[in-house]
Amino acid sequence: MDQKIIPRVLAIYLPQFHETEDNNAWWGRGFTDWETVKTAEAYFPGHNQPRMPLNQYYYDLSQKRVMERQAELAADYGIGGFCFYHYYFKDGKKELELPAENLLKWKDIRMPFCFNWANESWIRSWSRFTGNVWAEKYEKKTEGVVDIANGMLAEQDYGDEGDWIMHFEYLLPFFRDDRYIKKDGRPIFVFYSPNDIKPLDEMTECWRRLAREAGLDGLYLIGSKLNAPTPYLDAALIYEPRNSINKLNSIGKVQIKNGVRCFSYDDIWDRINETEPVYGCKTYFCGVSGYDDTPRRGTSGECLVEASPAIFERQLETLMQKSIDEGNEFLFVNAWNEWGE
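Our subject in this report is the structure included herewith. Since we're looking at a predicted model, the values are computed, not measured.

### Some points on the overall build of the chain
- Each helix and strand in the chain was counted, giving eleven helices and 17 strands.
- The proportion of buried residues among the 341 residues of the chain is 55%.
- Restricting the contact set of the chain to residue pairs at least 6 apart, pairs at least 24 apart contribute 76%.
- Taken together, the 40 basic and 54 acidic charged side chains of the chain have centroids lying 2 Å from each other.

Set out below in structure tokens:
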């Protein structure tokens, strides 16, 4: 009898909670996502806002003791590793890179990790561009802090082979770290929006060649938001809760409460557990601890309502069994620390 694989739980990790020069310029001095958390509002009866971390522990991820404690908590609660959002933009511009770079130096912190490249531009809410609007509600309070005429904060552009080599060389020390999460000896790397990368075939071919030349066994590349297999990636990731929010929206299972689009937590989980793998492609699944982006978006946000630890436990057990049945080595959970969502 074949031995069943028990999936390793990987929690999506937001490295936003530390001061940066760009955040100071864009949103005001000292801004981190804690600002949106502290100023969150309850917009309808029963809305679980504002939320406060235990003992008002508004931690700073630039501090070693904080990262040590994060690693301890993850180990205590069965988290097999953190999947750090990786923000890498045009011409090698990086954002929120300090926690991962510090972790690379702090070898004594036993925090398994990998990267999820959030390959979108960062934009103002009024921008003519498409991309990630980081703090729509808070932005209205900081008009005039910095003059960015077209609304572009950090532009995403993939460049050419020279840019891909520069990006890979930045990633290589992480890939070589013994804590970096691997499959069959190959570092795993998630593309948040692979469909947006026009040179995906050339870029991934370049990276795989560079990995072999660097003495690695290769790379294990995962793409979210895939509807069909692609020869350039090794696996798909069903990214939640967006996938299931879209499904509920399409059948009208949404309530509008003071402008906020609300979805039943249990309904979202039912859709997660009903979702089929991408046909012809190794597919990893993603559970959700919750979702509420009103701290960032205000009444234009979305929220999962009627959540409870009991529902999370029951539904996660179902998703774990589904992952076991599929022979999956990993099960993702969104997220460990998305306090603003």
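### Concerning empty space enclosed by the protein
- Counted under the stated rule, the structure contains one cavity of 30 Å³ or more.
- There is about 70 Å³ of room inside the largest cavity.
- In terms of lining residues, the largest cavity is bounded by P15, F84, Y85, H86, Y87, E95, L96, E97, A100, F115, Y170 and F174.
- Of all elements in the fold, only β2 (81–88) and α6 (161–176) reach the threshold of two or more residues within the lining of the largest cavity.
- Among the elements that line the lining of the largest cavity, the one with the most residues is β2, at four residues.
- Considered class by class, the residues forming the lining of the largest cavity number nine nonpolar, one polar and two charged.

### Side note on the pairing of strand β10 (residues 220–224)
- Most of β10 is tucked away, with five of its five residues classed as buried.
- Here β10 shows no split at all, with Y220, I222 and S224 on one side and L221 and G223 on the other all buried.
- Where strand β9 (residues 186–191) and β10 come together, four bridges link them in parallel fashion. Residue pairing in the sheet places F191 in a bridge with G223 of β10.

### Topic: the packing of helix α9 (residues 265–274) against helix α11 (residues 309–325)
- Running from amino to carboxyl end, α9 crosses α11 at an angle of 5°, the nearest separation of the two axes being 10 Å. It follows from the interaxial angle that α9 and α11 lie roughly parallel. Residue-level inspection shows Y265, D266, W269, D270, I272, N273 and E274 of α9 in contact with α11, the latter providing I311, F312, R314, Q315, L316, T318, L319 and K322.
- Its residues assigned to classes, the contact of α9 with α11 comprises seven nonpolar, three polar and five charged.

### With respect to the packing of aromatic side chains
- Enumeration over the complete set of coordinates arrives at 37 aromatic pairs.
- Pairing F89 with W122 gives two aromatic rings, centres 5.4 Å apart and planes at 70°, and the pair type is edge-to-face. In this pair, F89 is assigned in the loop between β2 and β3 (94–95) and W122 in strand β5 (residues 122–123), connecting sequence segments 33 residues apart. Per residue, the accessibility class of F89 equals that of W122, and both read buried.
- Its guanidinium or amino end placed over the ring of Y58, K38 lies 4.6 Å from that ring's centre, counting from NZ or CZ.
- The aromatic ring of F285 is capped on one face by K322, whose charged end is 4.4 Å from the ring centroid.

### Some remarks on the pairing of strand β4 (residues 113–117)
- Of all the five residues making up β4, five are buried; the element is thus mostly covered by neighbouring parts of the structure.
- Pairing of β2 with β4 involves five bridges; the strand directions are parallel. Following the sheet pairing, C83 is matched in β4 by C114.

### Details of the sheet that holds strand β16 (residues 302–305)
- The sheet built from three strands is open, its strands ordered β12-β13-β16 with mixed pairing. Each edge of the open sheet is held by one strand with a lone partner, namely β12 (255–257) and β16. The mean angle between the axes of side-by-side strands here comes to 40°, regardless of whether they run parallel or antiparallel.
- As paired strands, β12 and strand β13 (residues 260–264) are joined by three bridges and run antiparallel to one another. Each bridged residue has a counterpart across the sheet, and for Q255 the counterpart in β13 is C262.
- Contacts between helix α8 (residues 242–250) and the sheet are confined to β13 and β16, with β13 contributing the most and set at about 100° to the helix.
- Packing of α9 onto the sheet brings it into contact with β13 and β16, and relative to β13 it is tilted by some 65°.

Cut-offs applied
- Residues numbered from 1 in each chain as written.
- Predicted model: local features only at pLDDT ≥ 70, side-chain atom pairs only at ≥ 80, totals over all residues.
- Heavy atoms only, no water.
- Helix = DSSP H or I, 4+ residues; strand = E, 2+ residues; numbered from the N terminus.
- Buried < 20%, exposed > 50% of the residue type's maximum accessible area, 1.4 Å probe, protein only.
- Contact = heavy atoms within 4.5 Å.
- Lys, Arg positive; Asp, Glu negative; His and termini not counted.
- Charge placed at Lys NZ, Arg CZ, Asp CG, Glu CD.
- 1 Å grid on protein atoms, 1.4 Å probe; cavity = no way out; pocket = protein on both sides within 12 Å on 5 of 7 lines; lining within 4 Å.
- Points joined across faces, edges and corners; volume = space filled by probe spheres on them.
- Nonpolar A, V, L, I, M, F, W, Y, C, P; charged D, E, K, R; others polar.
- Pairing = 2+ DSSP bridges.
- Axes fitted to C-alpha atoms, helices over the stretch in contact; angles between N-to-C directions.
- Parallel < 35°, antiparallel > 145°, perpendicular 65-115°, else oblique.
- Phe/Tyr/Trp six-rings, centres within 6.5 Å; stacked < 30°, edge-to-face > 60°.
- Lys NZ or Arg CZ within 6 Å of the ring centre and 35° of its normal.

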